[in-house]
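Geometric and topological summary
Below are the chains, spelled out letter by letter.
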Amino acid sequence: CSVCGDNKEITNPDAIFSFPEQPSISCEGLQTAGEFGLVPINYCDFLPMLIVNVCGCAVKTPESPPEPQSCSVCGDNLEISNPDAVFSFPGQPSVSCANLQLAGKQGLIPVDECVLLPGIISDLCGCGPQDFIPIPTGVPTLEPTSQPTSQ
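Every value quoted in this text rests on a predicted model; they were computed, and no experiment measured them. (Residues numbered from 1 in each chain as written. Predicted model: local features only at pLDDT ≥ 70, side-chain atom pairs only at ≥ 80, totals over all residues. Heavy atoms only, no water.)

**Re the pattern of salt bridges**
- Under the definition given, this model contains one salt bridge.
- A salt bridge links K105 to E79, with the shortest nitrogen-to-oxygen separation between them at 3.4 Å. Of this pair, K105 sits in helix α3 (residues 97-105) while E79 sits in strand β5 (residues 78-79), and the two are 26 residues apart along the sequence. (Salt bridge = Lys/Arg side-chain N within 4 Å of Asp/Glu carboxyl O. Helix = DSSP H or I, 4+ residues; strand = E, 2+ residues; numbered from the N terminus.)

**Focus: the packing of aromatic side chains**
- One pass over the structure, following the stated rule, counts three aromatic pairs.
- Between F17 and F19, the aromatic rings sit 6.4 Å apart at their centres with planes inclined by 20 degrees, giving stacked as the arrangement.
- When the centroid spacing of 5.5 Å and the interplanar angle of 50 degrees are considered together, the rings of Y43 and F46 count as tilted.
- On the basis of relative accessibility, which here comes to 29%, the residue Y43 falls in the partly exposed class. (Phe/Tyr/Trp six-rings, centres within 6.5 Å; stacked < 30°, edge-to-face > 60°. Buried < 20%, exposed > 50% of the residue type's maximum accessible area, 1.4 Å probe, protein only.)

**Examining the nonpolar core**
- With 16 residues, the main nonpolar core has V73, F87, L100, I109, L117, I121 and C125 as its most contacted residues.
- Listed by contribution, the elements that provide at least two residues to this core are α3 and α5 (117-125).
- Sequence-distant contacts of C125, that is, excluding residues within four places in its chain, are made with I80, S81, N82 and C97. (Core = buried A, V, L, I, M, F, W, Y, C linked by side-chain atoms within 4.5 Å. Contact = heavy atoms within 4.5 Å.)

**A look at the state of the cysteines**
- This structure, assessed with the given rule, holds six disulfides.
- The residue that forms a disulfide with C27 is C55, at a sulfur-sulfur distance of 1.9 Å. A torsion of -80 degrees about the S-S bond marks the disulfide between C27 and C55 as left-handed. One end of the pair, C27, is in helix α1 (residues 27-35); the other, C55, is in helix α2 (residues 47-55), with 28 residues separating them in the sequence. Each member of the pair, C27 as well as C55, is classed as buried.
- Disulfide pairing is shown between C74 and C127; the S-S distance is 2.0 Å. For the disulfide bridge between C74 and C127, the dihedral angle about the S-S bond is near -65 degrees, and by the sign convention the bridge is left-handed. Within this pair, whereas C74 is found in the loop between β4 (57-59) and β5, its partner C127 is found in the loop between α5 and β8 (128-129), the two being separated by 53 residues in sequence. (Disulfide = S-S within 2.5 Å.)

**Quick word on α1**
- Along α1, the positions that sit buried rather than exposed are C27, L30, Q31, A33 and G34. In a view along the axis of α1, the buried residues occupy a sector of 160 degrees, so they form one face of it.
- Contact partners of the buried residues in α1: β1 (8-10), β2 (16-17), β3 (25-26) and α2.
- Backbone geometry just after α1 places G37 at a positive phi near 75 degrees. (Arc of directions from axis to C-beta.)

Function cannot be inferred from these measures alone, as they are strictly geometric.
Shown next as C-alpha cells:
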C-alpha cells in the first residue's frame, strides 16, 4: 500500500517515524516497505494520518515522459543526398528519404530501429558526410541542339 494514501508519496524521506512497540524506520524505508507489501494491509487505512506530520505526504507528481532521442538515419555525421528517393520496408508505409531523415531527427524512430537503418538506406538515400555532393555514376549526355546559323 501507499503509506501516505492513494496517489500520494512522502516528501521527507530522511525523517524517522516511530510507533509504539515497533522499530523506528526512515520514512523512505516505510514507503518502500508499503510498496513491497510488508506493511500489514489493515495499517494502510490509518497509517497516513499517523505519518503525515513526520514524513510529509503530497500528491504524486506525474512523471514526464522521456524526451525522444533523435537519430541520424544515415549514421553519425552523415546526411541524405537523395531526398526524393522513396524507402519501402515490409509492414511500414513508404516514405521519402527526406521525411525519413526528418522523422529520425524528431525522435519518431525508436533508437534501436534507427541504428539498423544506415545499412539499409545508405545507397538509396545517398548517405554521406554533411557536405557530401554525390558524383554521378554515368556519363552525362547532352541534348541535341540546332546548328548555329550565320546571318
